[in-house]
Amino acid sequence: MVGELFIASCERSIGGTLRAFELWAFPDTTLNLVVVSEDEHGKDETCFPCGTYQLQSVLEDRKVTLGNGEHTLDLVRKDNFISAEFSGGWRQSLEAEALQEALDRIQIAYGKWTR
């Protein structure tokens, strides 16, 4: 099954470490938040399955913790931004408006989801 990338937010530090936060949607109504860290030593990707209701909850000022059995990802709204704190030791911010627009596009592309 082929997924569609709805958000890709990347930050690169002075030392060259790339940190990315991605939101993927799939036709079977699956959503995955993916956090990526890449440097000269390699690339690490961690996937967190989630539902639209969880991401909408963050937009409504509720803290959401996603887990995959190995790591956690805490999502918290702070003013006009969503802070994503990864248990691997780093965090990244995303504009709340970008998340809302992505959820709206997912609803249009795949219909109303209950998951």
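Placed above this text is the structure.
Residues numbered from 1 in each chain as written. Predicted model: local features only at pLDDT ≥ 70, side-chain atom pairs only at ≥ 80, totals over all residues. Heavy atoms only, no water.

**Comments concerning the pairing of strand S1 (residues 4-12)**
Looking at chain direction, S1 and strand S2 (residues 18-25) are connected through eight bridges and run antiparallel. The partner of Leu-5 across the bridge, within S2, is Trp-24. Joining the antiparallel neighbours S1 and S2 is a turn of five residues, in which Gly-16 adopts a positive phi near 100°. (Pairing = 2+ DSSP bridges. Helix = DSSP H or I, 4+ residues; strand = E, 2+ residues; numbered from the N terminus.)

**As for helix H2 (residues 96-110)**
The end-to-end C-alpha distance of H2, which contains 15 residues, comes to 21 Å, matching closely the 21 Å that a straight helix rising 1.5 Å per residue would cover. Regarding H2, the residues found buried are Ala-96, Leu-99, Ala-102, Leu-103 and Ile-106. Angular distribution of buried residues about the axis of H2 spans 125°; they occupy a single face of the element. Exposed and facing more than 90 degrees away from the buried side of H2 are Glu-97 and Ile-108. (Expected span 1.5 Å × (residues − 1). Buried < 20%, exposed > 50% of the residue type's maximum accessible area, 1.4 Å probe, protein only. Arc of directions from axis to C-beta.)

**A look at the nonpolar core**
Core analysis: the biggest nonpolar cluster contains 27 residues, and Phe-21, Leu-23, Leu-33, Leu-55, Leu-73, Leu-75 and Leu-99 have the highest contact counts within it. Looking at which element gives the most residues to this core, the answer is H2, with five residues. Not counting residues within four places of it along the chain, the set of residues in contact with Leu-23 comprises Glu-4, Leu-5, Phe-6, Ile-7, Leu-31, Asn-32, Leu-33, Leu-55, Leu-99, Ala-102 and Ile-106. (Core = buried A, V, L, I, M, F, W, Y, C linked by side-chain atoms within 4.5 Å. Contact = heavy atoms within 4.5 Å.)

**Some remarks on the environment of Gln-92**
Structurally, Gln-92 is set in strand S8 (residues 90-95). When the C-alpha atoms of Gln-92 and Leu-75 are compared, they prove to be 9.9 Å apart, with 17 residues separating the residues in sequence. With near-sequence residues (within four places) excluded, Gln-92 lies in contact with Ser-9, Cys-10, Glu-11, Arg-19, Ala-20, Phe-21, Ile-82, Ser-83 and Ala-84. Only 2.9 Å separates the side chain of Gln-92 from the backbone oxygen of Ser-9, close enough to count as a polar contact. (Polar contact = N/O pair within 3.5 Å; in protein donor to acceptor, adjacent residues only side chain to side chain.)

**Description of the environment of Gly-67**
Structurally, the position occupied by Gly-67 is in strand S5 (residues 64-67). The class for Gly-67 is partly exposed, based on a relative accessible area of 46%. Linking Gly-67 and Pro-49, residues 18 residues apart in sequence, is a C-alpha distance of 8.0 Å. Each residue touching Gly-67, except ones within four places of it in the same chain, is listed here: Phe-48 and Thr-72.

**Structural notes on helix H1 (residues 52-59)**
Within H1, six of the eight residues are buried, which leaves the element mostly enclosed by the surrounding structure. Every buried residue of H1 is accounted for by Thr-52, Gln-54, Leu-55, Ser-57, Val-58 and Leu-59. Just downstream of H1 lies Asp-61, where phi reads positive at about 70°.

**Topic: the sheet that holds strand S4 (residues 42-50)**
Read across the sheet, four strands follow the order S1-S2-S3-S4 without closing on themselves; strand pairing throughout is antiparallel. Because the sheet does not close on itself, it has two edges, and the strands there are S1 and S4. Neighbouring strand axes in the sheet, compared pairwise and without regard to direction, differ in orientation by 15° on average. Running at roughly 70° to strand S3 (residues 31-39), H1 makes contact with S2, S3 and S4 of the sheet. Contacts from H2 reach S1, S2 and S3, with the element oriented near 160° to S1. (Axes fitted to C-alpha atoms, helices over the stretch in contact; angles between N-to-C directions.)

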